[in-house]
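Examination of the molecular architecture
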Amino acid sequence: MGRTYQHLSLEERCEIAQRRAAGQSIRQIAAALDRAPSSLSRELKRNSGSRGAYKPGYAEDQATARRWRGSKLLRHLELQTLVLDRLGRGWSPQQVAGRLAREQGRTVISHETIYRFIAAQIARTKDYAWRRYLPRGKSKRGYRGRRGGSAAEHIKHRVPIALRPAAAGDRIQPGHWEADLMLFRTYGQAVLTLHERSSRALAILRQPNKQAAPVADAIQALLSSLPSKLRQTITFDNGTEFAYHHALRQSLDIQTLFCDPHAPWQKGGIENAIGRLRRVLPRKTDLATLTAAQIRHLARRYNHTPRKCLDFHTPAEVFLKALHFECDSTFPLARE
């Protein structure tokens, strides 16, 4: 077996400086560190200061700067173009890295490298437009806290999520849904979102308002075309827009459930989906400027984006495989 070589550490450089100041020769220092004399000679020649003084901190900085070759995305412009194109389509760095690995059969780039590349561009250029390549458009990584109230006491015939069948928890059996309403700055504008737990497939429908009756009608319209076995349960938060949930039990023969107060994480799939939609539909969006075709395009874009939790398959691929549909992958998930 060949010999393994390692770079000098900062501790070793400190010891070199101390022994050098004490007047020891290169061979004596090399023997004490169990290093080759030629390695010590190169170290002193390459990393000493302009006046010949050897300082460990300066030597460490010089060696580090010499080894750094720049970001992988700066050295490979074709890869940079490919990565930025997919980020621009709303993919996260993890989705980009995972899909490239699946397509090429090997690890091409890590998601952390992509995050660091974007952060480096922001720090270097002070151009915060680079943050828009990131999933949530933030220049600093981390999570924001949430707060809000609950209207659970105003919902009649409410069934808590604790009574949800165990089969809905493992995300293996299709037919278990989550629903929520996206609200916008303009009063009365809302988008209904339905999320299928096993495939992560998403259906989007623009609502005329936040009232409970239109919301129940929209859910019925979206799910009525599916076989009954694919309408097992649907989970809501405690918003009053879902107060007519009991009508769905009769019309769709589906079990309706509600999260505990102040616990939206119990329907984390739809919360995650809405977070992804907010990248292209921020709260300031005026829905009056969007056509039905644009809404359908957003659904197709979401359902054709690879997900890590699906081994970098897309929700549309998993949904069609599970249901054995032979029709277009955006129906009925993307219709207005």
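Residues numbered from 1 in each chain as written. Predicted model: local features only at pLDDT ≥ 70, side-chain atom pairs only at ≥ 80, totals over all residues. Heavy atoms only, no water.

The next thing to look at is the overall build of the protein chain. When helices and strands are tallied, the protein chain shows 13 helices and 5 strands. The C-alpha atoms of the protein chain give a radius of gyration of 29 Å, which is well past the 20 Å a tight globule of 336 residues would have. Across the 336 residues in the protein chain, those meeting the buried criterion constitute 43%. Total accessible area on the protein chain is roughly 19100 Å²; 50% of this is exposed by carbon and sulfur atoms. The averaged location of the 29 negative side-chain charges in the protein chain is 6 Å from the averaged location of its 58 positive side-chain charges. (Helix = DSSP H or I, 4+ residues; strand = E, 2+ residues; numbered from the N terminus. Rg over C-alpha atoms; globule rule 2.2 N^0.38 Å. Buried < 20%, exposed > 50% of the residue type's maximum accessible area, 1.4 Å probe, protein only. Areas by Shrake-Rupley, 256 points an atom, 1.4 Å probe, with all protein chains shown as cover. Lys, Arg positive; Asp, Glu negative; His and termini not counted. Charge placed at Lys NZ, Arg CZ, Asp CG, Glu CD.)

Secondary-structure assignment places proline 261 in the loop between strand E5 (255–258) and helix H11 (268–277). On the basis of relative accessible area, proline 261 is assigned to the partly exposed category, the value being 40%. For the pair proline 261 and alanine 190, spaced 71 residues apart in sequence, the C-alpha to C-alpha distance is 22 Å.

Bringing the pattern of salt bridges into the picture now. Per the stated rule, a full pass over the model turns up 14 salt bridges. Across the pair glutamate 112 and arginine 116 runs a salt bridge whose closest N-O atoms are separated by 3.4 Å. Note that glutamate 112 and arginine 116 are positioned in helix H8 (residues 111–125) at a spacing of 4 residues, about one turn of the helix. Given a relative accessible area of 25%, glutamate 112 falls into the partly exposed group. A salt bridge links lysine 267 to aspartate 180; its shortest N-O distance comes to 2.9 Å. With lysine 267 in the loop between E5 and H11 and aspartate 180 in strand E1 (residues 176–183), this residue pair connects regions lying 87 residues apart in the sequence. For lysine 267, a relative accessible area of 0% translates into the label buried. Overall, aspartate 180 belongs to the buried group, its relative accessible area being 7%. One continuous salt-bridge network, built from bridges that share partners, spans Arg86, Arg99, Glu103 and Glu317. (Salt bridge = Lys/Arg side-chain N within 4 Å of Asp/Glu carboxyl O.)

A few words on the sheet that holds E1. To summarise the sheet geometry, strands pair through backbone hydrogen bonds and adopt either a parallel or an antiparallel arrangement. Within the open sheet, the 5 strands sit side by side as E3-E2-E1-E4-E5. Their pairing is mixed. In the strand order of this sheet, the two ends are held by strand E3 (202–207) and E5, each with one partner. Pairwise comparison of adjacent strand axes, ignoring direction, gives a mean angle of 25° for this sheet. Relative to strand E4 (residues 233–236), E1 is paired through 3 bridges, and the arrangement is parallel. Counterpart to histidine 176 in the pairing with E4 is threonine 233. Helix-sheet contacts for H11 involve E1, strand E2 (190–196) and E3, and the interaxial angle to E1 is about 40°. (Pairing = 2+ DSSP bridges. Axes fitted to C-alpha atoms, helices over the stretch in contact; angles between N-to-C directions. Contact = heavy atoms within 4.5 Å.)

Take empty space enclosed by the protein next. To find leftover empty space, a probe the size of one water molecule is rolled over the atoms. For the structure on display, the rule yields 4 cavities of 30 Å³ or more. Its volume calculated, the largest cavity comes out at about 160 Å³. Looking at the largest cavity, the residues that line it are Arg89, Gly90, Gln95, Arg276, Leu277, Arg279, Val280, Leu298, Arg301, Tyr302, Thr305 and Arg307. At 3 residues, helix H12 (residues 292–303) tops the list of elements feeding residues into the lining of the largest cavity. Considered class by class, the residues forming the lining of the largest cavity number 4 nonpolar, 3 polar and 5 charged. Roughly 60 Å³ of internal volume is contained in the second largest cavity. (1 Å grid on protein atoms, 1.4 Å probe; cavity = no way out; pocket = protein on both sides within 12 Å on 5 of 7 lines; lining within 4 Å. Points joined across faces, edges and corners; volume = space filled by probe spheres on them. Nonpolar A, V, L, I, M, F, W, Y, C, P; charged D, E, K, R; others polar.)

This part takes up the side chain of arginine 307. Examined against the element boundaries, arginine 307 turns out to sit in the loop between H12 and helix H13 (315–323). If sequence neighbours within four positions are ignored, arginine 307 has contacts with Gln95, Arg200, Asn272, Arg276, Tyr302, Phe312, His313 and Pro315.

This structure, assessed with the given rule, holds 0 disulfides. The thiol of cysteine 259 is unpaired, and the distance to the nearest cysteine sulfur, on cysteine 309, comes to 18 Å. Here cysteine 259 falls in the buried class, since its relative accessible area comes to 1%. (Disulfide = S-S within 2.5 Å.)

Moving on to the packing of aromatic side chains. For the structure on display, the rule yields 4 aromatic pairs. For the ring pair tryptophan 130 and tyrosine 133, a centre distance of 5.6 Å and an interplane angle of 45° mean the geometry is tilted. Residue tryptophan 130 is classed as buried on the basis of its relative accessible area, which comes to 18%. A relative accessible area of 26% means that tyrosine 133 is categorised as partly exposed. Ring plane angle 45° and centroid distance 5.5 Å describe the contact between phenylalanine 236 and phenylalanine 258, whose orientation is recorded as tilted. Linking phenylalanine 236 in strand E4 with phenylalanine 258 in strand E5, this pair joins segments that are 22 residues apart in sequence. The class of phenylalanine 258 is buried, set by a relative accessible area of 0%. Grouping aromatic residues by their ring pairs yields a cluster made of Phe117, Trp130 and Tyr133. One Lys or Arg, arginine 278, reaches over the ring of phenylalanine 184 and ends 4.9 Å from the middle of that ring. (Phe/Tyr/Trp six-rings, centres within 6.5 Å; stacked < 30°, edge-to-face > 60°. Lys NZ or Arg CZ within 6 Å of the ring centre and 35° of its normal.)

By themselves, these figures tell us nothing about what the structure is for.
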